[in-house]
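# Observations on the model geometry
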Amino acid sequence: AQSVTQPDIHITVSEGASLELRCNYSYGATPYLFWYVQSPGQGLQLLLKYFSGDTLVQGIKGFEAEFKRSQSSFNLRKPSVHWSDAAEYFCAVGVGNQFYFGTGTSLTVIP
Amino acid sequence: EAGVTQFPSHSVIEKGQTVTLRCDPISGHDNLYWYRRVMGKEIKFLLHFVKESKQDESGMPNNRFLAERTGGTYSTLKVQPAELEDSGVYFCASSQLSGGSTDTQYFGPGTRLTVL
């Protein structure tokens, strides 16, 4: 069965620091991979997605993610975090018409 | 262009009562999805409509849940009777294209349901 693991429930970083959110998946083939962000009171917003090709994908808001097949990982990164990045982040795997989400990582940004 | 909207934003009901959640997808999006997130858990797929037809309802937890999409526009998700374990955040999403996982799904803000 497909599964997505986000091992960090909560992360706190200082504004301006770099960020890496971890995501591991379990799936037999190369999946379609996504990162979504949910700010308070908002819907989930797509940050970026990977289907094939270059394993380093760029997204909105200065985020990027790298697909590593050997590690079954799709970690999200940002070189310099802004206070407005405080939100909850979800990694997801697309299989057929369904998405399988991780449990989310809540990000706190301290000034 | 308006995004996906959901109503209500919050609902608090007692066990045994009925609640109906509504989702208005982005205009022109044939695909509509319902998801649920129980506190502390992952967001889980419930079902997928293509226009007014249920394409996949494999994630619906039991027959207390009934989803409809009359006319292929907005959708409702009714829980009757509600149980404590139904508490959570119910998300709706819509997409425009084929309905496969390569589609970008646009999510609403969710309805937080609390069953007491």
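See the structure shown above.
Scope of this entry: the structure provided in the associated data block. (Residues numbered from 1 in each chain as written. Chains lettered and ligands numbered in written order. Predicted model: local features only at pLDDT ≥ 70, side-chain atom pairs only at ≥ 80, totals over all residues. Heavy atoms only, no water.)

### Describing the interface of chain B and chain A
Taken residue by residue, the interface counts 22 residues in chain B and 22 residues in chain A. Across the chain B to chain A interface the summed buried area is about 1700 Å²; carbon plus sulfur atoms make up 54%. Together, Ile43(B), Ser101(B) and Phe107(B) form the three largest contributors to the area buried by chain B at its contact with chain A, with a combined 33%. Connecting chain B to chain A are 1 salt bridge. For Arg37(B), the salt bridge identified is with Glu88(A), shortest N-O distance 2.9 Å. Across the contact surface, chain B and chain A share 4 residue pairs in polar contact (both at pLDDT 80 or more). Contributing elements (two or more residues each) for the side of chain B that touches chain A: β4 (31-37) and β5 (43-50) of chain B. (Contact = heavy atoms within 4.5 Å. Buried area = accessible area lost by both parts, 1.4 Å probe. Salt bridge = Lys/Arg side-chain N within 4 Å of Asp/Glu carboxyl O. Polar contact = N/O pair within 3.5 Å; in protein donor to acceptor, adjacent residues only side chain to side chain. Helix = DSSP H or I, 4+ residues; strand = E, 2+ residues; numbered from the N terminus.)

### Focus: the layout of surface pockets
Of the volumes computed, that of the largest pocket is approximately 440 Å³. Those elements that place two or more of their residues in the lining of the largest pocket are β10 (87-95) of chain A together with β9 (88-95) and β11 (111-115) of chain B. By residue number, the principal contributor to the lining of the largest pocket is β11(B), which donates 4 residues. Tallied by class, residues from the lining of the largest pocket come to 8 nonpolar, 13 polar and 3 charged. (1 Å grid on protein atoms, 1.4 Å probe; cavity = no way out; pocket = protein on both sides within 12 Å on 5 of 7 lines; lining within 4 Å. Points joined across faces, edges and corners; volume = space filled by probe spheres on them. Nonpolar A, V, L, I, M, F, W, Y, C, P; charged D, E, K, R; others polar.)

### As for the state of the cysteines
All names here are of chain B. Per the stated rule, a full pass over the model turns up 2 disulfides over all chains. Between the sulfur atoms of Cys23 and its disulfide mate Cys92 the distance is 1.8 Å. Measuring the twist about the S-S bond at about -65°, one finds the Cys23-Cys92 disulfide to be left-handed. One end of the pair, Cys23, is in strand β3 (residues 19-24); the other, Cys92, is in strand β9, with 69 residues separating them in the sequence. The class of Cys92 is buried, set by a relative accessible area of 0%. (Disulfide = S-S within 2.5 Å. Buried < 20%, exposed > 50% of the residue type's maximum accessible area, 1.4 Å probe, protein only.)

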